[in-house]
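Structure assessment
Residues per chain are reported as follows:
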Amino acid sequence: MVVTSLAVLGLAAGARAQPATFDTLGVRAVLERRQSVLDSLLLPESTQLDTAGTATLADSLDQGGAAAVALQRDSVEAAVRRAAKRFDLGFKPLALTTYNRVDGLRAGAGLEPRLVPHTRLELAAAYGFAREKWAWFAAFEAGRRTGPVLRLAWRDLVEPFGPNRGCRSQGALALIAGQDRRDYLRREGWDVGVWAWRRRAARLGARWFDTRDHAVAAATDFYFLGGDVPMQEPNPAVDSGTGRGLVIEGRRGDRLGRATVGGTVGFTGGLAGGDFEFVWQEMDVGLRQVVPGGTLWLAVEGANVGGSPPAQAAAYLGGDGNLRGYDRLEFAGRQRTSARLEYIVGLDLLRRTRIPVVQDLELQFIPFFDAGTTWGTVRAVEGSRGSLEGDARSSVGLGIQRALWIPGAEVVRLDVAYRTDGADSPWGFWLRIVALDEVFGSDED
Amino acid sequence: MSVWRASRPLLACLACCAAGAWPGPSATGQPIFAREDSLPVYVVPETTRVVAARVGLAEIIRKAQEGERRKFDGISTLAFNRTLKLTLSYAGRKPEKRCLETSARVYYRSPDRWTEAPLRESRYIVEPDGTRKPWTDEDDDGVRIGVDDGDETGLWLENLPAFLEDTEKFSFRILHRSLQRDQVLYEIGFKPRSEFDLLPAGRVWILTGRYQIVREEYEMENLPVPWLLKSVDLLTREWQEVDGRWLPRRVTARVELHTRVGLGLVRIPNAAEVVVLFDEYRLDPELDPALFESGGR
């Protein structure tokens, strides 16, 4: 029998039940012993590397410098590969493709060719079969992806507004089960922005925009399964008009994602012109802390809107984005604050039950608590109940998630929320498929 | 049963010998014994016990973090060979092993410039009887298997392993100690605290001279893409001492795959093994600055 695992030999971490022991072996003796065990487990082909002559070749490259290295690259046909990388058409077959109650099925495709180093072009177009309109998007970037980078973008798209941006699986769930849990407007126009940093953990940039918003009506309520779902709800009308102004966005977090802070300030109107005149500020803080048995995640955010904001720019509360269990855009105000606390249980509780089948479900439980309130009277979309004037609303619930590990759909999660304000139908459900970078409720679309 | 009884004078004599108080010359005519007093006698008053507290596990981990962060301090340039071998094992009607071997010379310039030059690439198929034949494009069944020799060197000097980077996500335990003359080699087991995180468990060997990692062995309990990966095994990183510094020596991994994922359209190997060897190190060599201007990053 061929032993193929370190664990089988009791040499891997599985043997950590044994007590700490000691010897006086030298470090080389210890390492060589482990190496020889590993060598015996690897395939013979893996341990027979052909390194003959490479030392001499390396010496000549070290001595010869850049010219010798360039010659060497050419000699092993690396030049062909580099040339191929220089022009990459970057076909994106499903760009802008989604399903919602305004566009219906929006089918599209795009290109992201790399022209010359440090420049990128994004082109995408899609057709909304229910709205019977084309949507398109184009952007040009110059600079490093992680900044500094200059970005110009043009668009004519139906896109979500308000705090409920859902996640990337929203389109698929809307088509299958009618779970269209967002509200939409059509936005056309351009913006130009400069990002000093555009990393995952640190972003800072300013963007000048000139866009026109339009109200769009729901054009379809088709879905495959279920009934009495958000797909059948009308899309709220927004205020049409041109917004012209500046927005500054920043985000900072530690590399491990234990703490993040983000903020946005912006204005439209005034000297910039346009139909809307208002200013806004938003700030959010996220903290993650490992605690016994799991991880605590706390997110606190606040928003303020001044001037005469259109309905789509009010500070809304309610829905998946900030107060689960409540209706989308249920409350509105000039100021909003909300907090979300989740305890992500790190223990596989079902496995401990030892019940056949159940123990293999690998379900992770996430109890959560959401709370928030709004202040100030503001123009809001039809159906919104207006401001809470500091009267807090909250919900409690349980998230259940399971890893799928399909690229782009790593986790499927169901949130069962209970609103605590004594409403007639207090229960809410939110099923979604989440990519790894969306697990903690990112609002990326 | 015979019982020996000593006489009283003899016992007195022995007692005096033991006490070092042998009687001097006797005027009575009894035997005179010489007294050895030429050897110096040192009197140790009491044994002094020196006690030091053993370094705690948390302190070892903290020092290892520091040691690893400073592992490459002072290096301004670096050059080494990196040889990668991928061995794909196919079963079924046509069992064989396909080998892809690439080697490159990698150059580093402080603080973050990397570039590399390919040295060699070879592809071949090992038949069940051990004979080798070239691995041609026709053997790929339309799916070209290669190794990206692009921007990533696979070796970021400043990167810490996950268990040292985010220590709060792991629990640690000392498994073994090898006591050296002037340092200790700790064997420390670690495992993720959460049973759901996609993080490896394993063991690491830390040498306390400069608190550096000298060997890592990993095992994955939660597999990414479990519909494709059956197991991940032999996941190790070995280090070697070069001019007083511990530098990577070899990285190995083996994955076993679900072959049915290919649906008969794409031939999936039942196992793949990767070995990356690092050798021919040169620390602080004089490097042509132009090396990093094209093809580097």
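Overview of the structure. Worth saying up front: this structure is predicted, and the values here are computed from it rather than measured. (Residues numbered from 1 in each chain as written. Chains lettered and ligands numbered in written order. Predicted model: local features only at pLDDT ≥ 70, side-chain atom pairs only at ≥ 80, totals over all residues. Heavy atoms only, no water.)

**Quick word on the environment of A:Gly166**
Residues and elements named next belong to chain A. As for its position among the elements, Gly166 is in the loop between β7 (149–161) and α5 (170–177). On the accessibility criterion, Gly166 (16% relative accessible area) is buried. Through-space distance from the C-alpha of Gly166 to that of Arg182 is 6.8 Å; in sequence the pair is 16 residues apart. (Helix = DSSP H or I, 4+ residues; strand = E, 2+ residues; numbered from the N terminus. Buried < 20%, exposed > 50% of the residue type's maximum accessible area, 1.4 Å probe, protein only.)

**Description of the pattern of salt bridges**
The tally for this structure, following the rule as stated, stands at 67 salt bridges over all chains. In this structure, A:Asp213 and A:Arg187 form a salt bridge, with 2.7 Å as the shortest nitrogen-oxygen distance. Taken together, the residues A:Asp213 in strand β9 (residues 202–214) and A:Arg187 in strand β8 (residues 183–198) connect sequence positions 26 residues apart. For A:Asp213, a relative accessible area of 6% corresponds to the buried category. The partner of B:Arg70 in a salt bridge is B:Glu66, and the shortest N-O contact between them spans 3.4 Å. Residue classification places B:Glu66 among the partly exposed residues on the basis of a relative accessible area of 32%. Overlapping salt bridges bring together A:Arg34, A:Asp39, B:Arg215, B:Glu217, B:Glu238, B:Arg249 and B:Arg250 as one network. (Salt bridge = Lys/Arg side-chain N within 4 Å of Asp/Glu carboxyl O.)

**A closer look at the sheet that holds strand β3 (residues 113–126) of chain B**
Spatial strand order, β1(A)-β5(B)-β6(B)-β7(B)-β8(B)-β9(B)-β10(B)-β11(B)-β1(B)-β2(B)-β3(B)-β4(B): twelve strands in an open sheet with mixed pairing. Because the sheet does not close on itself, it has two edges, and the strands there are β1 (21–23) of chain A together with β4 (132–134) of chain B. On average, adjacent strands in this sheet sit at an angle of 20 degrees to one another, irrespective of strand direction. Helix-sheet contacts for helix α1 (residues 27–41) of chain A involve β5 (170–179), β6 (184–192), β7 (201–207), β8 (212–219), β9 (229–242) and β10 (245–257) of chain B, and the interaxial angle to β10(B) is about 25 degrees. In the packing of helix α3 (residues 54–75) of chain A onto the sheet, the strands contacted are β1 (77–90), β2 (96–109), β3 and β11 (271–283) of chain B, and the crossing angle to β3(B) comes to about 115 degrees. (Pairing = 2+ DSSP bridges. Axes fitted to C-alpha atoms, helices over the stretch in contact; angles between N-to-C directions. Contact = heavy atoms within 4.5 Å.)

**Brief notes about the interface of chain A and chain B**
Facing the 75 residues of chain A at the interface are 79 residues of chain B. Surface buried jointly by chain A and chain B totals about 6,500 Å² across both partners, of which 51% is contributed by carbon and sulfur atoms. For the pair chain A and chain B, the interface holds ten salt bridges. Connecting chain A to chain B are 26 residue pairs in polar contact (both at pLDDT 80 or more). Counting residues per element, the ones that place at least two in the side of chain A that touches chain B are β1, α1, α2 (44–47), α3, α4 (78–86), β12 (277–291), α6 (349–353) and β18 (393–406) of chain A. Considering every element that reaches the side of chain A that touches chain B, the biggest residue donor is α3(A), with twelve residues. Along the lines of polarity and charge, the residues of the side of chain A that touches chain B split into 37 nonpolar, 20 polar and 18 charged. (Buried area = accessible area lost by both parts, 1.4 Å probe. Polar contact = N/O pair within 3.5 Å; in protein donor to acceptor, adjacent residues only side chain to side chain. Nonpolar A, V, L, I, M, F, W, Y, C, P; charged D, E, K, R; others polar.)

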